[in-house]
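One-letter residues, chain by chain:
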Amino acid sequence: MDLGVRWKLHGDGRTPAPGAVVRPDERLSWPRTAGLGAQHVVAMFGASFVAPVLMGLDPNLAIMMSGVATIVFLLATRGRVPSYLGCSLSFVGVAAVIRAQGGTSATVTGAVFVVGVALFLVGLAVQRFGARIIHAAMPPIVTGAVVMLIGFNLAPVTASTYWPQDQWTALLVMLFTGLAVVCLRGFWSRIAIFLGLVFGYGISWAFDRIFGRIHSVDASGKLTDHWRLDLSGVGQADWIGLPTFHGPSFEWSAILVALPVVIALVAENAGHVKAVGEMTGEPLDDKLGTAISADGVGSMLSTAVGGPPNTTYSENIGVMAATRVYSTAAYWAAAGFALLFGLCPKFGAVVAAIPGGVLGGITVILYGMIGLLGAQIWINAKVDLRNPLNLVPAAAGIIIGVGNVSMEFTDTFSLSGIALGTLVVITGYHALRAFAPAHLKTQAPLLDEGTSRYDEAAQRAKS
């Protein structure tokens, strides 16, 4: 059985010929392949390390399980879909809501484990019935609205938790990260979040030396004098060791909050497969269901041991577009590096020490970008918001999700925020469509087209 672990040497193994690309079943020399693998790990550094910290999970375990999930994905797709699976930012808001309800890390990972199961089943359905079922259940107006409300639901987390810890550092980090995203080119723009973290570390250290301790709320919300950058945990951490594992715990209230994220993950995977297919010139529609299922399995494996969920990373699509190297051998190398980083507790301690003000500056941009990806889905699919069939359910669901509106059904069961907003968007759209006059039911594209980053990467690859 072909598992996609055999690669032909491309040319002389050094650099692609002018106008040529290194295909998924090809590779450069092993030293260059290892270098490309390291570059892929760096590309996902920012988001993949910020996400577990924001979710209250072990960053060492997150990076280790991202390597495991990537290996599972490469084996499942038989090496045809080059991709790195890193910690999904779509679950940050879910984790915040679950913890606000009194949930623990086990409750968070238990809820997300169920999402992984649901994603796996969606993938199997796509394999059996084709991609049309995605459009039938989740047209662009629905997926765009859900992604938008998930992102914007996070705004209070930044405003009340991170930004107040050090407002001036947060402001400087926000400005620096914004400049990095806009002004840098190629690979460097893909790691703008990581560069923002490094800049924030430096600023926090400098402010501690210049101004001393800061009088503000700390990570626990207590008003106190504290250092902006506390590296005491780094000195105590070992160089080599296993991350912290824990089993999941399942609670219906938490599961219902997390399930809507399935929609965002399906849209991400569809966009990724589409982009890679266009860049490599090989149609990959037949691998869409497999890719979605593999993503689900990777998330199940990670959350089963206490890690965060995983998803395909657009940052790595950008690296492929810039280098024109689509070899899955580079992703195997990246997975190997991730496993090694996961076995270094000192490295995880450095990540866990990210100052709250730095996270405030990063999340202002990051959370807003997540929300606006929903708008990008609408733009790419040419969704007409003048049509009340699209406008009404999206408007109602977004306000419910962003405003964290709650409905109590019994003394022990209620829906609010993300879960209630998603339910309103999906059921509202399909219910209104059943009664809408014929002229409001316009034909939409078969699949969501992902984000502009995917489309731009594909265009650069073709040029």
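As a reminder, the structure under discussion sits directly above these lines.
Quick summary incoming for the structure in this document. (Residues numbered from 1 in each chain as written. Predicted model: local features only at pLDDT ≥ 70, side-chain atom pairs only at ≥ 80, totals over all residues. Heavy atoms only, no water.)

**Some points on the overall build of the chain**
Piece 1. Looking only at helices and strands, the chain has 22 helices and eight strands in total.
Piece 2. Residues counted as buried form 54% of the 463 residues belonging to the chain.
Piece 3. The contacts of the chain with a sequence gap of at least 6 include a subset with a gap of at least 24, amounting to 79%.
Piece 4. Per element, the accessible surface of the chain, about 19300 Å² overall, is 65% carbon and sulfur. (Helix = DSSP H or I, 4+ residues; strand = E, 2+ residues; numbered from the N terminus. Buried < 20%, exposed > 50% of the residue type's maximum accessible area, 1.4 Å probe, protein only. Contact = heavy atoms within 4.5 Å. Areas by Shrake-Rupley, 256 points an atom, 1.4 Å probe, with all protein chains shown as cover.)

**Points about unusual backbone geometry**
Piece 1. Residue Arg-78 is not a glycine yet carries a positive backbone phi of 55°.
Piece 2. Examined against the element boundaries, Arg-78 turns out to sit in the loop between helix H3 (59-76) and strand S3 (85-87).
Piece 3. Of note in this structure, Lys-382 is not a glycine but carries a positive phi near 55°.
Piece 4. Mapped onto the fold, Lys-382 is located in the loop between helix H19 (356-380) and helix H20 (388-403).

**Some details on a nonpolar patch on the surface**
Piece 1. On the surface, a nonpolar cluster with roughly 300 Å² of combined accessible area is contributed by Leu-385, Leu-391, Val-392 and Leu-432.
Piece 2. Among the structural elements, Val-392 can be located in helix H20. (Patch = residues over 30% accessible without salt bridge, like charges linked within 9 Å, V, L, I, M, F, W, Y side chains within 5 Å. Salt bridge = Lys/Arg side-chain N within 4 Å of Asp/Glu carboxyl O.)

**Section: the environment of Asp-208**
Piece 1. By the element assignment, Asp-208 lies in helix H11 (residues 192-211).
Piece 2. Asp-208 sits in the buried class, given a relative accessible area of 4%.
Piece 3. Distance from Asp-208 to Trp-227, taken between C-alpha atoms, is 6.5 Å for residues 19 residues apart in sequence.
Piece 4. Setting aside anything within four residues of it in sequence, one finds Asp-208 in contact with Trp-227, Arg-228 and Leu-229.

**A word on the pattern of salt bridges**
Piece 1. Considering all chains together, one arrives at four salt bridges under this definition.
Piece 2. In this structure, Asp-25 and Lys-8 form a salt bridge, with 3.9 Å as the shortest nitrogen-oxygen distance. Of this pair, Asp-25 sits in the loop between strand S1 (8-9) and strand S2 (26-27) while Lys-8 sits in strand S1, placing them 17 residues apart in sequence.
Piece 3. Classification of Asp-25 as partly exposed rests on a relative accessible area of 36%.
Piece 4. Residue Asp-208 pairs with Arg-228 through a salt bridge whose shortest N-O separation is 3.1 Å. Here the residue Asp-208 occupies a position in helix H11, and Arg-228 occupies one in the loop between strand S5 (223-226) and helix H12 (232-236), the gap between them amounting to 20 residues. As far as burial versus exposure is concerned, Asp-208 and Arg-228 are alike and both buried.

**Re the nonpolar core**
Piece 1. Judged by nonpolar contacts, the single largest core of 92 residues is most densely connected at Met-55, Val-92 and Tyr-367.
Piece 2. Top element by residues in this core is helix H14 (residues 261-280). It accounts for ten residues.
Piece 3. Not counting chain neighbours up to four residues away, the residues in contact with Met-55 comprise Cys-87, Ser-88, Phe-91, Val-92, Ala-95, Arg-99, Val-108, Pro-308 and Pro-309.
Piece 4. Counting residues in each nonpolar core, the second largest holds five residues, with Leu-28, Leu-36, Val-325 and Ala-330 among its members. (Core = buried A, V, L, I, M, F, W, Y, C linked by side-chain atoms within 4.5 Å.)

**A look at the environment of Thr-109**
Piece 1. For Thr-109, the position within the fold is in helix H5 (residues 105-129).
Piece 2. Between the C-alpha atom of Thr-109 and that of Met-300, which follows or precedes it by 191 residues, the distance is 9.2 Å.
Piece 3. In this view, Thr-109 contacts Leu-57, His-246, Gly-247, Pro-248, Thr-303, Gly-306 and Gly-307; residues no more than four positions away in its chain are not counted.

**A look at the side chain of Thr-303**
Piece 1. As for its position among the elements, Thr-303 is in helix H15 (residues 288-304).
Piece 2. Assessed through its relative accessible area of 0%, Thr-303 is described here as buried.
Piece 3. Side-chain polar atoms of Thr-303 contact the backbone oxygen of Ser-299, separated by 2.7 Å.
Piece 4. A polar contact of 3.4 Å, which involves the side chain of Thr-303, links it to the backbone oxygen of Met-300. (Polar contact = N/O pair within 3.5 Å; in protein donor to acceptor, adjacent residues only side chain to side chain.)

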